[in-house]
Amino acid sequence: MSRRGANAGGSEDSRELVAECARIVCEEDVLDYRAAKFKAMQRLGLSPRSALPDNASIQAAVIEYQRIFGGEDYANRLIALRRAAVSAMKLLHEFSPRLVGAAVSGAITAAHRVQIHGFADRPESLDLFLEARGIPFEQDERDYRYPDGREDPVPLARFEAGELGIDVAMFGLDDLRRTPLSPSDGLPMKRLKLAEAEALAAISLDQILGNPQVKEKD
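Residues numbered from 1 in each chain as written. Predicted model: local features only at pLDDT ≥ 70, side-chain atom pairs only at ≥ 80, totals over all residues. Heavy atoms only, no water.

Q: Is there a simple way to explain the pattern of salt bridges in this structure?
A: When charged atoms on two side chains of opposite charge get close, those side chains can pair. As enumerated under the stated definition, the model contains 17 salt bridges in all. One salt bridge connects Arg158 with Asp167, and the closest N-O pair in it is separated by 3.1 Å. On the accessibility criterion, Arg158 (22% relative accessible area) is partly exposed. Among the charged side chains, a network of salt bridges with common partners joins Glu20, Arg23, Glu27, Glu28, Lys39 and Arg43. (Salt bridge = Lys/Arg side-chain N within 4 Å of Asp/Glu carboxyl O. Buried < 20%, exposed > 50% of the residue type's maximum accessible area, 1.4 Å probe, protein only.)

Have a look at this one:
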């Protein structure tokens with residue numbers, strides 16, 4: 001972590017900036033944390049030279065904001081995203097799917113989609129797979145950054161599962177052992193296998209919100 005990011009949580013201005021960033025992300029569906037930071041700085045009237053909080057702080061604040069203000073709506077959407085991810089991973093089992101992103105961390109908003117990494121010797125294999133099953137999808141591309149500083153474009157297929165969106169980035173087979181960096185904390189992305197995603201999807205609403213277990217009446 002840079003010195004700039006490490007010191008960002010120490011002042012009142014920094015704490016206020018983190019809180020405003022979280023509010024912007026959650027209420028305005030600004031998914032780019034960097035954009036949210038600069039928007040928050042302008043609203044708070046902070047100097048452009050002010051220290052920026054690190055993305056991990058923003059992510060933690062988003063989760064806390066959603067627990068407090070999103071409540072059951074937030075928790076139910078997170079559960080729905082995780083369950084949709086499990087269903088999609090079962091469908092895509094031949095591509096060794098891994099669940100990544102906000103559905104893993106819990107830092108979701110109404111704009112978030114399920115993010116899955118798939119692996120094949122030919123990226124177009126997923127397109128053929130979806131076409132054969134009559135699943136409408138859109139082709140796209142997403143850039144991923146790696147620890148060596150490289151940034152590679154990866155083909156993306158986007159489709160819908162009811163009211164929820166699924167994005168599948170198709171990596172080469174060798175990329176199972178080469179993990180890109182998370183934009184949230186700069187560390188290698190957490191890639192969950194199906195069993196791990198199923199365990200995540202089994203977490204209850206009360207557990208997500210941090211509520212104590214309700215005691216049974218006598």
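Q: Help me understand the packing of aromatic side chains, please; the structure alone is not making it clear to me.
A: Here a ring pair, both rings aromatic, is described through the centre-centre distance and the interplanar angle of the planes. Scanning the model with the defined rule gives 4 aromatic pairs in all. Judged by centre distance (4.6 Å) and plane angle (40°), the ring pair of Tyr65 and Phe69 falls under tilted. With a gap of 4 residues between them, Tyr65 and Phe69 both fall in helix H4 (residues 55-91), about one helical turn apart. A residue is classified by how much of its surface remains accessible, and Tyr65, at 15% relative accessible area, is buried. Joined through ring pairs, the aromatic side chains of Phe119, Tyr144 and Phe171 make up one cluster. In this structure, Arg133 packs its charged tip against the face of Phe129, placed 3.6 Å from the ring centre. (Phe/Tyr/Trp six-rings, centres within 6.5 Å; stacked < 30°, edge-to-face > 60°. Helix = DSSP H or I, 4+ residues; strand = E, 2+ residues; numbered from the N terminus. Lys NZ or Arg CZ within 6 Å of the ring centre and 35° of its normal.)

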